[in-house]
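# What the coordinates show
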Amino acid sequence: MSHPGRPSFPVRAERNWRLPHSPRSAGRARALVRAQLAEWKVATEIAETAELLLPELMSNAIQHARRPSGREIGVRVARYDGRLRVEVADANCALPQARTATTEDEHGRGLAIVIALAVSWGCCPRRYGIGEATWAELELPPSA
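Scope of this entry: the structure provided in the associated data block. This structure is a prediction, so every number in the text was calculated from the model and none was measured. (Residues numbered from 1 in each chain as written. Predicted model: local features only at pLDDT ≥ 70, side-chain atom pairs only at ≥ 80, totals over all residues. Heavy atoms only, no water.)

### A look at the pattern of salt bridges
Taken as a whole and judged by the stated rule, the model has 9 salt bridges. The partner of Arg76 in a salt bridge is Glu14, with the nearest N and O atoms 3.2 Å apart. Taken together, the residues span a long stretch of sequence, with Arg76 in strand S2 (residues 73–80) and Glu14 in strand S1 (residues 13–19) at a distance of 62 residues. A relative accessible area of 35% means that Glu14 is categorised as partly exposed. A salt bridge links Arg85 to Glu137; the shortest N-O distance between them is 3.0 Å. Highlighted residues: Arg85 in strand S3 (residues 83–90) and Glu137 in strand S5 (residues 132–139), separated in sequence by 52 residues. What emerges from the salt-bridge pattern is a single network uniting Glu14, Arg76, Arg83, Arg85, Glu87 and Glu137. (Salt bridge = Lys/Arg side-chain N within 4 Å of Asp/Glu carboxyl O. Helix = DSSP H or I, 4+ residues; strand = E, 2+ residues; numbered from the N terminus. Buried < 20%, exposed > 50% of the residue type's maximum accessible area, 1.4 Å probe, protein only.)

### What about the sheet that holds S1?
Strand order in the open sheet formed by 5 strands is S1-S2-S3-S5-S4, and the pairing between neighbours is antiparallel. The sheet is open, and its two edges are formed by S1 and strand S4 (120–125), each paired on a single side. Each neighbouring strand pair of the sheet contributes to a mean axis angle of 15°, computed without reference to strand direction. Two elements, S4 and S5, share 6 bridges in a ladder whose sense is antiparallel. Note that in S5 the partner of Cys124 across the bridge is Ala133. (Pairing = 2+ DSSP bridges. Axes fitted to C-alpha atoms, helices over the stretch in contact; angles between N-to-C directions.)

Listed below in C-alpha cells is the structure:
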C-alpha cells in the first residue's frame, strides 16, 4: 500500500562493492551503480545525478588516497529515509577539501560539483576499517 509523501519502494536498501585502486574502477563503479539504480527503479533524473557524483568521489579516492599495497576502494549505494546515498571509502585518513579552481586548472572541480548537485555531502570514518568514506546524498521523490 502506498502512502502520500513516502517512497513507493522499501525504505532501506544498500549495495556494496570493493574495487581495485585504479582509474578504471571509476567507470566500473558507475556501471555497477547504474545497474543497481535501474533495479531499484530510481527516477531517471536522480539516477543520472548519482552517476555524475560517483565518479567525482571515485576520482578523489584514486588521486589523493595514499594506501597500503592491496587496499581497495569501497563503493556503497544506499536508499533510506527518502534519500539516496552514494559513498566511496578509501584508506586515506585525510578529509577532502573543496577548493576553487581557476579557468586554467585541469583538476580541482570535483567537490564543487558534488556540493552543487547533492542535497548534502560529507565524510565519516570508514566502516570496519582504516580511512574515511566520502558521501553525497540526493532526495528521492515521494511516490505518486
